[in-house]
Structure formats: C-alpha cells, structure tokens
Amino acid sequence: MKHLNIEQKRPRIAVFDFTGCEGCELQLANKEETLGAFLDAIEVINYREVSSEKGDNYDVALIDGAITRPDEIERLKAIREKAKVLVAMGSCACFGGVTKLKNAYNLDEANREVYGDCPKETIPTMAVGDVVTVDLKLPGCPVSKDEVERVVQHLVWDLPLPTYAYPVCLQCKQRYTVCRFDMGELCLGPITRAGCNAPCPAGGLGCWGCRGPAENPNYEEFFALAKEKGFSEQEVKDRLAFFGGFEDVL
Amino acid sequence: MTTSGKNTKKINLNVDVHHLTRVEGHGNIRVRVVDGKVTEARWDIVETPRFFEVMLKGKHYTAAGILTARICGICSIGHCLASVRASEAAFGVTIPEAAAKLRLLAKHGETMQSHFLHLFFLAAPDFLGLTSAIPLKDLNPEVFGIAARLKKLANDICDLVAGRTTHPVSLQVGGVAKMPDRHALLEIRDRLERSVPDLTATVELFKTLEIPEFVRETEFVALKGENDYPFIGGRLVSTDGVERDESEYLAMTNEYVDKNNTSKWAKLSRESLAVGALARLNNNYDFLNDQAKAVAVELGLAPVCHAPLMNNVAQLVECVHVVYDSIRLIDELVDSGNAETMAPVKPKAGRGVGAVEVPRGILYHDYEYGDDGRVVRANCVIPTTQNNANIHYDMHALAEQFACEGMTDERLELLCSMLVRAYDPCISCSVH
Ligand code: SF4
Ligand code: SF4
Ligand code: SF4
C-alpha cells in the first residue's frame, strides 16, 4: 500500500473466534464503503471466517467470543504468547457477553436438558481478560467496525485511539431521538459507554448496555431515576446483567 | 469435472481438515479411502455449546428476541423474527399488515446480505483457485466492487428497517417499532433498481464457474408457499410429500444426539434431510418471480434438484427474487403512508411456535410462557442442525464417487470443503 508513493507499514492482523455468534467478525467484512481501504491498510494473517490463509507471524490478535471450554483457554494462551497486541473485540470477549448468562444456571442440568445422555464439555463463561492480559478492549454487541478501523489508523499513523468516556445519552441527543424514558421504557443510556451512536433508542428500543459502563457512571442517580419512572429493581438488574458489562454494580 | 465415475484402480486417500475455513463456526472433515474403498467419511461439529434454551428460562418476552438474535451474527434478523413470532403465537397477537411487510423487507435484506457474503466471500474463492476473496480486490477490482456494493445495499436495507444490520432493534413482539422514513425507503428503492447491472454481472460470473457434478437423492424441507415464495411462517412441506402445520415442527425435525457432535442431527422420511435455499426453491419454485425464474433457467437449475453444490446457484436465484420483491414491498409501504406498525401486546400463559426461512434454511423457535410474560421452556431448531446429518451422508457418497484414479488428497479435500461450504453451514448457530 502506497500513499503519495511512500510504502506504509501494514500491521499484521489475525482474527480468532472463540465462543460467540461471530457477529463481531462479520463486522470486519461490513462497512463496505471503506472495506477495500481497510484491507489495503492491513495484512490479514488469519481470519478463518473468510480466509483459508493461516500463519503465526502476526502482531495484532483480534479476539472475539468468550471462553467456555478448557481447550479454549490453552488456545488463547498460545495466541497471547505470539501476539504483540491483543485486542478483545465485542462484549463476549470484553465481559463474557450474553454467553455469560448461562453462569446463572446449573451447568450439569443445562447439559442434561439440551443434550440428554451425551453431555458436552463446558465451563463457566469467562471474558478474555479473565484468562490472559488484554491490551485493548472494544466492547459492543456487535463491535463497532468504526472503532476497529480507528485501531488500525492508530497502528499505521499513530492517530489517537477511540475513547468514549461519556454515556450513550450524549450521542442519542445528537440524533434528536425521542428519549425512551419519555415513551415509558427503561434505557441504560445514561450509564453506558458511548461510541455506538445510539442505534437502539433511534430504532425504538431502550439501551441494553452492551458497551458496558461509561467512565464514572452516576449509578445512584440512575437507580433513583429508574425507580422514579416506575421500573422494578428486578427489571433494572436483568438488564444490567444482560451483556455482562455491569458486574461491579450487580 | 472429469474425475467422476468408477475406476478399478485401487487408491488410498486421506483428508483431515481441522476447523474448516470460510464457514461460520468450527467443524472438521475426515475422509479415509483405503484400496479404493471409503472406510471413513465424517463431518463433525466441534463448536462450543452456549445453552441458549437454558438462558431463555425466566427471561421476559421483551428480552427473548434480543437474546436469541445473538445465536447467530449472520442471521440475527431471522432469529429475532422467529422469536417474536413464537411469542406472538403464544400471546395470540396479530401484527399490523404494514409490520408484516416491514418484517419481510428486513428479511429480504438479510437474505441478500448473507447470500452475497457466502457467494462472493466464502464460496467463490474455491472456484477461482483463491484462498479468500481478499486478493480479488487487486486481481479483479470490478468483481470486488460488485460484491461490496451488493452487500452494502443489503446491509443498508437491514439498517433502515430493523435499526441495525447485526442484532436488530426494531423487530419487537407486536410488530416493528417504527415505520422508516419515506425518503429513505425511496432511496433504497432507487438503489435496488440501480443494482440490476451488478446482479446481471454476478449471474454472468457464476455462469463461468464450473460446479463439480455430484448428485445424491435427498429429502428437502421448507416452508410451504401459499401465494408467495415463503419466508416468514406458514405450513411446512417436504419434497417426499410430508406436510405439517407450523406448530408441528417437531414432526419435521426429529432431532437426535450424535456422540461425536455438539450439534444435534435431524431426519424425516430418510436417514437425513436438507434445508436451505435449494430446499426452498425445490419446494416453491413456482412462486419465484419471473426475473428469478429466468436466472434459474439460465443457470440450469430446475426443481427438484438433488445436487447439493447447486445450493450456491439457488442462493443467487433467491437474491434476484428478493431484490425485485423488495421493490414491490417498498412501493406498497410508501402507499400505505403512516400505517400502524405495532399491535398491543398482553402476555399470557401459553405456547407458541415461529418458523422462519433464514438464509441457511428453516428455523424454529418454540416458547412456553407463564402468566408473567416470562419464558418457562424454550426450544430452537437451527437450519444447520437439520443439515448436518445430510452433509455427513453426502460426504460419504462424494468420497465414493471421486475415489478413483487421478484423485489426490488435495483435490479431494477441496471437493469435500466445497461440499460443506455449499451448505453455507452456520455452526455457532447450530450449537447455540
Ligand atoms: S459480542 Fe455480540 S456480536 Fe460479538 S460475538 Fe458476542 S454475541 Fe456476537
Ligand atoms: S433514550 Fe436512552 S440514551 Fe437516549 S437520551 Fe433517553 S436515556 Fe439517554
Ligand atoms: S444503544 Fe446501548 S445497547 Fe444499543 S448499541 Fe449502544 S450501548 Fe449497545
């Protein structure tokens, strides 16, 4: 890849999937308007979902999915050893995601219920950071391709990394969306980290907090607001638990 | 393909694929041929189970669709639709007509998105001798551009109607949360019309691809069209003549657990069955629009077709169908003005089933609710689960057909991989 005739360095990137829906990986092939430029800017070493190329000489490992089986722990550790930078991509990788909801149930019973006499190996769901050191977290269900692109821009041109300290409400207001609270619905926007551009309220659904907490969220005020608007503690808790990002306040 | 047919020469072949690439999720292929005899031919799913049915227990009906969308990133709209349909059946809710049209439009967006992703990025590289579609960007920028434009159009339809491409937000129990902006709809309509040259070019490209000849008689299961090519709800049908109501889906899937697989297997009148684009087309060919039928004829696809690799072609035919059908839907939606898109929902105890044709085949969600609107019991039967046994038996037959002189391990590996990829398996989904 040349810009103004000068060869740029291309970060060598590998994508690895663990337990999830692979929606995060799919995002990498989306945003088609910049897909060519994105692929030009990087060297794809491993990306099983779309490429048969395999290699070990990568610098950056993008991990999607949570950890739910002993062999995944080993595989993840091996990747950590090879990668200079390890990025947790999406809510499953960052917090355990919806996959973590299973931890609230008895796994032996769950196994019997789904697989009868042929139980499958499974352990309580862990986030990637519970197993290895994570250098960068990009929460979201799915991950925002925009943020992945900005990581690449950081690697290539040293542009600043994406950081959103403020909550979803800010981006929601910028879109002139009618507040879901005013429609009588619960919304985690006031305490959730922005960066998604608030698609849920705009699409007619209160925020479910997939990106986890914003910086220094004002929980007290939020709980008071939810109560004042008539939402039960159970309702608020159910939602905070959904994507695994709010474990600290549960 | 010249290697088909029997040969007396004894040949030994060995294929071992660990985590097949360019498919969604993790699966292994293992084929052994000793002295010209196939001693082993396996397709095994090694994906980690996630226990969605268990996680659904106790969840409020407003959370069920949001949760089950996460079964699969590629067909999240389909899962969400099957989920809300099951809940609506349990509560006795009838959604407004405009909502049904919006849902179908979102479904069309997903069908296009998934099929184009599969055709260009997952399947085509095998035919072009590439390891991925990434080099196409430089080798054939024109084709890469077509793929990117078509896929973007598909994603933009989903964004507009469902609020997001992956993991929709507007598809809710009772209908669809909002009617998209009229101008935005018309802009999509315009882009759909302008996508026709890209579609034509795609058909031309697929005409030049040589599809390995492999036929194995199969029972195909799909929704049964009554007036239209079916995507959301309705009766169930098979090419062996079985017909059932949507709520009797268990009689169509007959799931059982194989000890080597995290995914369950399914059967109906034979030892296995197939679902997907080819199954839909085999059961509902007459309901395709004229443009799609013309492409089917052009590409040599006629029902009932028993060649699994022709599923690629069936997907392309469906893409043509949904592009024109989306234009029709947008015209009707624009005419309906500001029609109501949500029906009131009052949860009550009961059971409901939702069947939806997702890109890889028919999908069932089945929920039982308590009076509080929380799930008591849930069951989801995924397309790839229904296909896995069939892939497995196909693999054996394919190995037998091609285990003859001149065959190499590499070539057989490619053929087996192409067979599996033709089903466009969604393994994460099937293990949910
Ligand atoms: S974070 Fe969401 S989109 Fe990403 S893998 Fe997990 S469930 Fe799928
Ligand atoms: S809808 Fe949610 S995110 Fe938007 S302003 Fe209201 S509380 Fe904040
Ligand atoms: S609005 Fe909330 S739930 Fe929706 S994408 Fe943003 S953070 Fe996630």
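See the structure above.
The notes below deal with the structure included here. (Residues numbered from 1 in each chain as written. Chains lettered and ligands numbered in written order. Predicted model: local features only at pLDDT ≥ 70, side-chain atom pairs only at ≥ 80, totals over all residues.)

## Structural notes on the overall build of chain B
Here's step 1: On a plain count of helices and strands, chain B comes out with 15 helices and 11 strands.
Here's step 2: Its C-alpha atoms give chain B a radius of gyration of 21 Å, within 12% of the compact-globule value 22 Å for 432 residues.
Here's step 3: By principal-axis analysis of the C-alpha atoms, chain B measures approximately 70 × 45 × 35 Å.
Here's step 4: Burial status across chain B gives 59% buried among its 432 residues.
Here's step 5: For chain B, long-range pairs separated by at least 24 residues make up 75% of all intrachain contacts whose partners lie at least 6 apart in sequence. (Helix = DSSP H or I, 4+ residues; strand = E, 2+ residues; numbered from the N terminus. Rg over C-alpha atoms; globule rule 2.2 N^0.38 Å. Buried ≥ 20, exposed ≤ 12 C-beta atoms within 10 Å, placed from the backbone. Contact = placed C-beta atoms within 7 Å.)

## Examining the site of ligand 3
Here's step 1: For ligand 3, the full set of nearby residues is Val-168, Thr-192, Cys-196, Ala-198, Pro-199, Cys-200, Cys-207, Trp-208, Gly-209, Cys-210 and Arg-211 of chain A.
Here's step 2: Residue composition of the shell around ligand 3, grouped by class: eight nonpolar, two polar and one charged. (Near = placed C-beta within 6 Å. Nonpolar A, V, L, I, M, F, W, Y, C, P; charged D, E, K, R; others polar.)

## A look at the sheet that holds strand E1 (residues 13-17) of chain B
Where strands meet in a sheet, backbone hydrogen bonds hold them as pairs that are either parallel or antiparallel.
All names here are of chain B.
Here's step 1: Here three strands make up an open sheet; going across it, the order is E1-E2-E3 and the pairing antiparallel. In this open sheet, the two edge strands, each paired with only one partner strand, are E1 and strand E3 (37-45). Going from strand to strand, the sheet's axes swing by 5° on average, the running direction of each strand aside.
Here's step 2: In terms of strand pairing, E1 meets strand E2 (residues 27-34) through five bridges, oriented antiparallel. Within E2, the residue paired with Val-17 across the bridge is Ile-29.
Here's step 3: Each of E2 and E3 touches helix H13 (residues 383-402); the most contacted strand, E3, lies at about 155° to it.
Here's step 4: Helix H14 (residues 409-422) rests against E1, E2 and E3 of the sheet, and its axis sits at about 45° to E1. (Pairing = 2+ DSSP bridges. Axes fitted to C-alpha atoms, helices over the stretch in contact; angles between N-to-C directions.)

## Comments concerning the sheet that holds strand E7 (residues 236-238) of chain B
Residues and elements named next belong to chain B.
Here's step 1: Across the sheet, three strands lie side by side as E6-E7-E8; this open sheet has antiparallel pairing. Each end of this open sheet is capped by a strand with a single partner; those strands are strand E6 (221-223) and strand E8 (243-244).
Here's step 2: As paired strands, E6 and E7 are joined by three bridges and run antiparallel to one another. Among the inter-strand pairings, Leu-223 is bridged to a residue of E7, identified as Leu-236.
Here's step 3: Strand contacts of helix H10 (residues 277-284): E6 and E7, with the helix running at about 70° to E6, the strand carrying the most contacts.

## A closer look at the interface of chain A and chain B
Here's step 1: Contact with chain A, which involves 47 residues of that partner, is made by 47 residues of chain B.
Here's step 2: Mapped by element, the contributors of at least two residues to the side of chain A that touches chain B are helix H1 (23-28), helix H2 (35-41), helix H5 (107-115) and helix H8 (199-202) of chain A.
Here's step 3: The element that contributes the greatest number of residues to the side of chain A that touches chain B is H5 of chain A, accounting for four residues.
Here's step 4: Residue composition of the side of chain A that touches chain B, grouped by class: 21 nonpolar, 14 polar and 12 charged.

## Describing the site of ligand 1
Here's step 1: Close to ligand 1 lie 16 residues, the nearest being Gly-20, Gly-23, Gly-90, Cys-92 and Cys-141 of chain A.
Here's step 2: Each of chains A and B places residues near ligand 1.
Here's step 3: For the shell around ligand 1, the secondary-structure elements that each account for two or more residues are H1 and helix H4 (91-95) of chain A.
Here's step 4: In terms of residue class, the shell around ligand 1 is made up of six nonpolar, seven polar and three charged.

## Let's talk about unusual backbone geometry
Here's step 1: The linkage connecting Cys-141 of chain A with the following residue, Pro-142 of chain A, adopts the cis geometry, with an omega of 5°.
Here's step 2: Looking at the secondary structure, you find Pro-142 of chain A in the loop between strand E7 (136-138) and helix H6 (145-157).
Here's step 3: Looking along the chain, the bond that leaves Pro-303 of chain B and enters Val-304 of chain B is cis, with omega of -10°.
Here's step 4: If you trace the backbone, Val-304 of chain B turns up in the loop between helix H11 (290-298) and helix H12 (311-335).

## With respect to the pairing of strand E6 (residues 85-89) of chain A
The side chains of a regular strand alternate between the sheet's two faces.
All names here are of chain A.
Here's step 1: Among the five residues in E6, four count as buried, and that is most of the element.
Here's step 2: Relative to E6, strand E5 (residues 60-64) is paired through five bridges, and the arrangement is parallel. Across the sheet, the residue bridging to Ala-61 is Leu-86, located in E6.
Here's step 3: Looking at chain direction, E6 and E7 are connected through three bridges and run parallel. Of the residues in E7, the one forming a bridge with Ala-88 is Lys-137.

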